[in-house]
Amino acid sequence: MLTTQKALEEINRLTDLLLRASEAYYNSGEVLMEDEEFDLMLGQLASLESQFPELARPDSPNKNVGTPTKSDFKKSKHQTPMLSLENLSTPEELAQWGEQVEKKLDGLVPLFCCEAKLDGLSMSVIFEKGRLVRAVTRGNGEVGDEVTENVKTIKSLPHQLKEPLDLELRGEVVMSWAEFEKNRAQFPDQVIKNPRNFAAGSLRLKDPALVKKRGLDILLYDLVTPGFKEEHQANLILLEGLDLPVNPFRELCHNLDEVLAFCQKTEALRDQMAFKIDGVVIKINHLEQRARLGRTQKSPVWARAWKFRPQRKLTRLLGIENSLGRTGVLTPVALVEPVDIDGTEVRRASLHNYKEVVDRLHLHEKDWVFLEKGGDIIPKVVSIDLTQRLPDAQAYAKPQACPSCQGPLTHAQKSGSKPKEDGTIEYEIDQRCTNARCPAQLLAKIEHFVSKKAMDVSSLGAKMVELLMQKGFVAQIDDLFRLKAHRAELEAIKGLGDISVAKFLNALETAKTQPLDRLIIGLGINNVGERAAKTLALFCKDLNHFKGLSLAELESIPEFGPVMVQSVLDWTKAPENQDLLLRLTNLGVNPEPLARPQNQPFKGKSVCITGTLSKKRSDWKFQLEQLGFKTVEAVSAKTDYLLAGEEAGSKLKKAQQLNIPILSEKDMNELIESGPTL
Ligand code: IVH
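Fair warning: this is a prediction, and the values are worked out from it, not measured in the lab. (Residues numbered from 1 in each chain as written. Predicted model: local features only at pLDDT ≥ 70, side-chain atom pairs only at ≥ 80, totals over all residues. Heavy atoms only, no water.)

1. Some remarks on the packing of aromatic side chains
Remark: the centre distance and the inter-plane angle together describe each pair of aromatic rings, the angle taken between the planes.
Item 1. Inspection of every chain in the model, using the stated rule, returns 6 aromatic pairs.
Item 2. Geometrically, the ring pair formed by Phe 602 and Phe 629 is stacked, given 4.5 Å between the ring centres and 10° between the ring planes. Pair noted here: Phe 602 is in the loop between α21 (575-586) and β19 (606-610) and Phe 629 is in the loop between α22 (617-626) and β20 (630-632), with a separation of 27 residues, a long-range link. There is no split in this pair, since Phe 602 and Phe 629 are both buried.
Item 3. Their ring planes at 80° and their centres at 6.1 Å tell us that Phe 629 and Tyr 641 sit as a pair that is edge-to-face. Pair noted here: Phe 629 is in the loop between α22 and β20 and Tyr 641 is in strand β21 (residues 641-644), with a separation of 12 residues, a long-range link.
Item 4. Judged by relative accessible area, Phe 629 falls into the buried class, the value being 3%.
Item 5. In textbook terms, an aromatic cluster arises when at least three aromatic residues are bridged by ring pairs, as seen for Phe 602, Phe 629 and Tyr 641.
Item 6. The cationic tip of Lys 206 hangs over the ring face of Phe 73; the distance from NZ or CZ to the ring centre is 4.6 Å.
Item 7. Looking at Lys 615, its charged tip hangs above the ring of Trp 620, at a distance of 4.3 Å from the centre. (Phe/Tyr/Trp six-rings, centres within 6.5 Å; stacked < 30°, edge-to-face > 60°. Helix = DSSP H or I, 4+ residues; strand = E, 2+ residues; numbered from the N terminus. Buried < 20%, exposed > 50% of the residue type's maximum accessible area, 1.4 Å probe, protein only. Lys NZ or Arg CZ within 6 Å of the ring centre and 35° of its normal.)

2. What to know about the sheet that holds strand β2 (residues 87-88)
Item 1. Reading across the sheet, the 5 strands line up as β2-β11-β10-β3-β9 and stay open at both edges, with mixed pairing between neighbours. Of all the strands in the sheet, just β2 and β9 (250-253) have a single pairing partner and so form its edges.
Item 2. Strand direction decides the pairing type here: strand β3 (residues 112-118) and strand β10 (residues 277-284), joined by 7 bridges, are antiparallel. Paired with Ala 116 across the bridge in β10 is Val 280.
Item 3. Together, β2, β3, β10 and β11 (303-307) form the strand contacts of helix α3 (residues 91-105), whose direction differs from that of β11 by roughly 175°. (Pairing = 2+ DSSP bridges. Contact = heavy atoms within 4.5 Å. Axes fitted to C-alpha atoms, helices over the stretch in contact; angles between N-to-C directions.)

3. Quick word on the site of the ligand
Item 1. For the ligand, the set of nearby residues contains 13 residues, the closest of which are Glu 115, Leu 118, Ser 122, Glu 172 and Lys 283.
Item 2. The separation between a nitrogen atom of the ligand and a polar side-chain atom of Glu 115 is 2.9 Å.
Item 3. Within the backbone of Ala 116, an N or O atom sits 3.4 Å from a nitrogen atom of the ligand.
Item 4. Protein contacts shield 88% of the accessible area of the ligand, which totals 520 Å² for the unbound molecule.
Item 5. Broken down by secondary-structure element, the contributors of at least two residues to the shell around the ligand are β3 and β10.
Item 6. Looking at the shell around the ligand element by element, the count peaks at 4 residues for β3.
Item 7. Of the residues that constitute the shell around the ligand, the class distribution is 7 nonpolar, 2 polar and 4 charged. (Near = heavy atom within 4 Å. Polar contact = N/O pair within 3.5 Å; in protein donor to acceptor, adjacent residues only side chain to side chain. Areas by Shrake-Rupley, 256 points an atom, 1.4 Å probe, with all protein chains shown as cover. Nonpolar A, V, L, I, M, F, W, Y, C, P; charged D, E, K, R; others polar.)

4. Considerations on the UniProt feature "active site" (unreviewed entry) in the protein chain
Item 1. When the UniProt feature table is mapped to this numbering, "active site" (unreviewed entry) covers Lys 117.
Item 2. Its place among the elements puts Lys 117 in strand β3.
Item 3. The residues touching Lys 117, leaving out its near neighbours within four places in the chain, are Lys 276, Ile 277, Asp 278, Gly 279, Val 280, Val 281, Ala 305 and Lys 307. (UniProt positions renumbered as here; feature names shortened; annotations may be inferred.)

5. Here we look at the environment of Asp 456
Item 1. Relative to the assigned elements, Asp 456 resides in the loop between α12 (439-450) and α13 (462-470).
Item 2. Residue classification places Asp 456 among the partly exposed positions, given a relative accessible area of 28%.
Item 3. Placed 62 residues apart in sequence, Asp 456 and Arg 518 show a C-alpha to C-alpha distance of 8.2 Å.
Item 4. Contact partners of Asp 456, with chain neighbours within four places excluded, come to Phe 449, Val 450, Ser 451, Gln 514 and Arg 518.

See below:
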């Protein structure tokens, strides 16, 4: 029986964790916990709360109906897939696309409808006989979540049209800057990153009354249902006539000069817009022309997204934090005075390495630095405002010692590189600590081993691993599997408690039989990511086979180039790694081999290969067949994809006529990476 004190601690711990996870999930769309884990914890908390009702907190997620639960929304298949757009960001790229369009239109003259690209969430909105019946998120492009009741809270969107029409519309759910600021003021303690993330979180709330308070909006940009007007712009005007909220930031352009001018004008106005925008969508206006242009796997040929240049902001450098990853690479990170870039508060910025800090930027203490944010990645320091440098400021120098173990830092030889003709050797720019016992590296290695994409022991987060290392229970990966011998001592550690100990010990037991590719990822071999690990796990019968892989075997794997072969060989040959694998086996780690049929994600899909490709056609054929594709010699209506290289001829034409997705090698690699979503 738990003591009251212990129960109180555990109730507080679980309540905090659950609230944090659900806040993150619903506010920023961040997944801190998997659904099963969330539900399990919720159940544990409920059971404690029923044993000790007086200890249940008023904000318990079990009590509070306002707290969203993680149960999923109903899934709905899109009749027409929701594609994404290919980006352009220079006049040259725009001209190239223009040429491609011109060639394919064979004499027809295009008009371009240019529209502000709203930074929100794409939504499919369906009216039947004039009544709003469904609103579905993009999801994976093929199947999305039904969030109808939440979308119905949007004031500008009528639930009933003036005419009994069947319409599928597409648009962007957005939050205006004004509503965003209101929400920020209302929840001062919460991290509300930007309008897009907040809108995403709001759409996932289970209680539409709460969604309503958030003040979402929608701007429609497409009528998907065929049979109305012949031109996109005319369709949008038709929708406006039905009092639907249509994206008003748009203009018809007659040529690419006008398109470019619209893009530049819109970029100049971006800070004055009511909504956050991140570019311009350029669309061919005539629907018949669109049909001629067709699509590739992921995106239509008839549209492109013009991306704005990343925003730049000036701020003060407060210091440099040196962090060490699992491979021992030292990464400097700039700590800066908080600054808002594009609606996100930025406190840290990437500096990449000390060559950048010392040679390129010549960074001094307290410098004023320009930060730039591109995409969703961490912003980087791009330049310095020298006019504001303090006269006596000290320049930063390359550290000589590892910040964690104080050992020497070296520049490793470039992986897979051979001495050049003049005998010189290429070294990496990165500085590395090569001490195999360096605490920061070991911590990062173990965190990686248990991480979601590796052994997936989600109950052992970064904090917990750090604690276990500090207390001396874990020094290397294999120590994790010795923890169960220390159950009582672990339970006595402040901040752990028997429930969490039981949880991670159980999870570690289960992890022993995780599939082989997960173990390989967890080992952290240079250059071996998820895809290479899968290939290796498919190739190897078991862990023993992996341990003894020969050069010839590795070279026989079609996808593996020399760098990959060398990385794997370097790792498996090292005596300390052989020892580690032996110790893991002795501790009962016995990964499941990967069953090939389960790993044929493209089973049932057919592909035809044509044109000149960068590797042998037989290599592509082998690789695609490994993934379950059936390769066919001719294109027919049943063919799912055409992989087209340079100078493709009649097969390409046929695929265009049949509206079959045409994939370049790059597209195909992306498709393999993301799986068969469409
Ligand atoms: S048209 C085939 N028009 O941008 C896709 N998209 O990067 C046709 N977006 O998923 C999309 N504003 O969510 C279109 N005026 C606009 C848009 C817009 C924002 C989003 C949309 C899409 C994403 C593509």
